[in-house]
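Residues per chain are reported as follows:
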Amino acid sequence: MKKVIIVTGASRGIGRAIAEELSRDNIVVANYNKSYDMAKSLSETSENIDIFKADVSNRMEVKSLVNYVLDKYGKVDVLVNNAGIAQEKLFQDITDDDWDNVIKSNLYSVFCTIQEVVPNMISNKSGCIINISSCYSVYGGPFAVAYSASKAGIDGITKSLAKELAPSHIRVNSIAPGAINTDMNAGLTSNDIEELNSEIPLGRLGEGADIARCVRWLVKDNYTTGQIISVDGGWTV
Ligand code: NAP
């Protein structure tokens, strides 16, 4: 039977690759915020993809996303919290607004979406939550204090909630990507990419599909919970 899966931030990049991968044999509600044209083109790739606009940093919009899915499909089997923004700033230059923007987009959004889907998962006594974190959570990143803090917060949610929700057979895991070839890294020069390739044991940046395959594995698994899984070509080893 097809699972019903919500993927946040699925219009572009890693989220889009996850939606494409999972829609091969599941129903995917692909959330987007600003990139309607991209979301529309994604929905045209599979009859299993349904798109829904919501800013996941806004509680009311998250509620409308989850209510839409429950009204139309009756359940949520899997939630993939992928939406996120990057911020590159010298620590001393980070303003309160900068901080709030990153924490709301990357961390509060995860808190909200999980809170909205969990009652349904608990009543089904089944669920799988996958949070897209970052190697910066584990390793830290220069000029990325707010971003690294938001991702470390996500991993805290993952570990704590995995224990709390295990009795309801709900698994919670993080995937921590390394450097992935998406718009988020559009600012890298060819020299930067060459340098990165030489630092990554597998010799290349990742693609969205590399992360999507790990998501697929976690969806099928039933005994992994509370883990932060690095998918980074060995970069952080
Ligand atoms: P991306 O190419 O910049 O795409 C970001 C996606 O998130 C877009 O689909 C965007 O949707 C969505 N989004 C952002 N804010 C949103 C909001 N408030 N509500 C709903 N959707 C929102 O980024 P990416 O590289 O695919 O990154 C995806 C995730 O992986 C992020 O959480 C990121 O932190 C993480 N990650 C990325 C890398 C990397 O190297 N790329 C490494 C580690 C972790 P719209 O365009 O429709 O607004």
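Shown above is the structure to which this text applies.
Cut-off values and rules
Numbers given to residues run from 1 along each chain, matching the order in which its sequence is written. A pLDDT threshold of at least 70 governs which residues receive local features in this predicted model, and a stricter bar of 80 or more applies before side-chain atom pairs are shown or counted, although totals over entire chains, interfaces and linings include all residues. Side-chain measures were taken over the full set of non-hydrogen atoms in the model, leaving aside hydrogen atoms and water. Put simply, a salt bridge is a Lys or Arg side-chain nitrogen that is within 4 Å of an Asp or Glu carboxyl oxygen. Using a 1.4 Å probe on the protein chains alone, a residue whose accessible area is under 20% of its type maximum counts as buried, one over 50% counts as exposed, and one in between counts as partly exposed. Runs of H or I in DSSP of at least four residues are treated as helices and runs of E of at least two as strands, each being numbered from the N terminus.

### Quick look at the pattern of salt bridges
Then step 1. Within this structure, the stated rule accounts for 14 salt bridges.
Then step 2. Here R24 makes a salt bridge to E21, at a shortest N to O gap of 2.4 Å.
Then step 3. Here R24 falls in the exposed class, since its relative accessible area comes to 58%.
Then step 4. Of the residues examined, E21 reaches a relative accessible area of 14% and is grouped as buried.
Then step 5. Here the salt bridges do not stand alone but share partners, grouping E21, R24, D25 and R216 into one network.

### Topic: unusual backbone geometry
Then step 1. In this model, K125 sits at a positive phi of 50°, which is unusual for a non-glycine residue.
Then step 2. Topologically, K125 is positioned in the loop between α4 (96-124) and β5 (127-132).
Then step 3. Residue classification places K125 among the partly exposed positions, given a relative accessible area of 48%.
Then step 4. The phi torsion at H169 lies on the positive side, around 60°, for a residue other than glycine.
Then step 5. Structurally, the position occupied by H169 is in the loop between α6 (145-165) and β6 (170-177).
Then step 6. On the basis of relative accessibility, which here comes to 54%, the residue H169 falls in the exposed class.

Keep in mind these values describe shape, not function.
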